[in-house]
Amino acid sequence: MAPLLELRNLTKRFGGLIAVNNVNLSVDKGSITSVIGPNGAGKTTIFNTITGIYKPDVGHVLFDGQDISGKRPDQITAIGMCRTFQNIRLFHNMTVLENVMVGAHTQTKSTIVGAMLRTRAFKEAEEEARQESIRLLRFVGLPAGLGDQIAKNLPYGQQRRIEIARALASKPKLILLDEPTAGMNPQETDAAVRLFRKLRDELGITVVLIEHDMKVVMGISEYITVIDYGQKIAEGTADEVRRNQRVIEAYLGRSAALETAEGADNR
Ligand SMILES: Nc1ncnc2c1ncn2[C@@H]1O[C@H](COP(=O)(O)OP(=O)(O)OP(=O)(O)O)[C@@H](O)[C@H]1O
Ligand SMILES: [Mg+2]
């Protein structure tokens, strides 16, 4: 299978800290891939470097055969890559529908003059974006009629779905989800996993997720990459990664250290 996304020797430094250290990664078109690793390993920084929030210090990001290293986030969205954030980033005082329509506007061709004069072409584009946003809200499983509610008043699990709907409005080929089930209860998590599968199976979108919930990771991922201290320490199928000694040590090593620290705190 052809890779849709490729990282070649990706390195990102913050001053003296090497947050991402020479990472190579290949994501097949139509796959569901997870990036896992302990807290602070560099996972979000990888997403931020892929999506143009940061420029790589070394290395390249290739998307659909094109070198996109150093492009702006809006340029990257326009060529078919979207994302959600570890800390939900909605426009909290806007309605649910308006939030999704913001995503759809990356696709509409309306001009500023058209918007000011409210030309027929502008109104038609606006109506199209509205209909598409309603359809997307339904697709991500939000109850009908929720569109007019203010985003900040909704429960966390629903806000995560709105964020996904907004990302989908840009008609992506690939979606990057940063800890999409964080803070969800087990029922919400199961429903979210079904949605991630639906993105791939029904919309044909390639899915890459950063995830801490191992049940989710092992259940959904066709391929897993493990990051520790900015470096790729393992990759493979769920079974391969689960049995990998370096992975076990990376996780056990830190939880053992954590237990010792907690023990010390309690004393
Ligand atoms: N903008 C920044 N400036 C300086 N240091 C940063 C910045 N962003 C991240 N870091 C540091 O880079 C390292 C990797 O952080 P990152 O957020 O990528 O980790 P992560 O794997 O996503 O962790 P978590 O699982 O906790 O979300 C950490 O040491 C973090 O403190
Ligand atoms: Mg993170």
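Residues numbered from 1 in each chain as written. Chains lettered and ligands numbered in written order. Predicted model: local features only at pLDDT ≥ 70, side-chain atom pairs only at ≥ 80, totals over all residues. Heavy atoms only, no water.

A closer look at the site of ligand 1
Phase 1: Around ligand 1 sit 15 residues, and of these Gly-40, Lys-43, Thr-44, Thr-45 and Gln-86 come closest.
Phase 2: Here Asn-39 contributes a side-chain N or O atom positioned 3.0 Å from an oxygen atom of ligand 1.
Phase 3: In this structure, Gly-40 approaches ligand 1 through a main-chain N or O atom, which is 2.8 Å from an oxygen atom.
Phase 4: In isolation ligand 1 offers 630 Å² of accessible surface; the protein chains occlude 64% of this area.
Phase 5: Elements supplying a minimum of two residues to the shell around ligand 1: strand 2 (17-28) and helix 1 (43-50).
Phase 6: Broken down by element, the residue count for the shell around ligand 1 peaks at 3 residues, all from helix 1.
Phase 7: In the shell around ligand 1, the residues fall into 6 nonpolar, 7 polar and 2 charged. (Near = heavy atom within 4 Å. Polar contact = N/O pair within 3.5 Å; in protein donor to acceptor, adjacent residues only side chain to side chain. Areas by Shrake-Rupley, 256 points an atom, 1.4 Å probe, with all protein chains shown as cover. Helix = DSSP H or I, 4+ residues; strand = E, 2+ residues; numbered from the N terminus. Nonpolar A, V, L, I, M, F, W, Y, C, P; charged D, E, K, R; others polar.)

Some words on the pairing of strand 4 (residues 58-63)
Phase 1: Of the pairings in the sheet, the one linking strand 1 (residues 3-14) to strand 4 comprises 5 bridges and is antiparallel in character. What sits directly across from Leu-5, in strand 4, is Phe-63.
Phase 2: For strand 4 and strand 5 (residues 66-67), the ladder comprises 2 bridges, and the chain directions are antiparallel. Within the sheet, the bridge partner assigned to Phe-63 lies in strand 5 and is Gln-66.
Phase 3: Between the antiparallel neighbours strand 4 and strand 5 lie 2 residues, among them Asp-64 with a positive phi of about 50°. (Pairing = 2+ DSSP bridges.)

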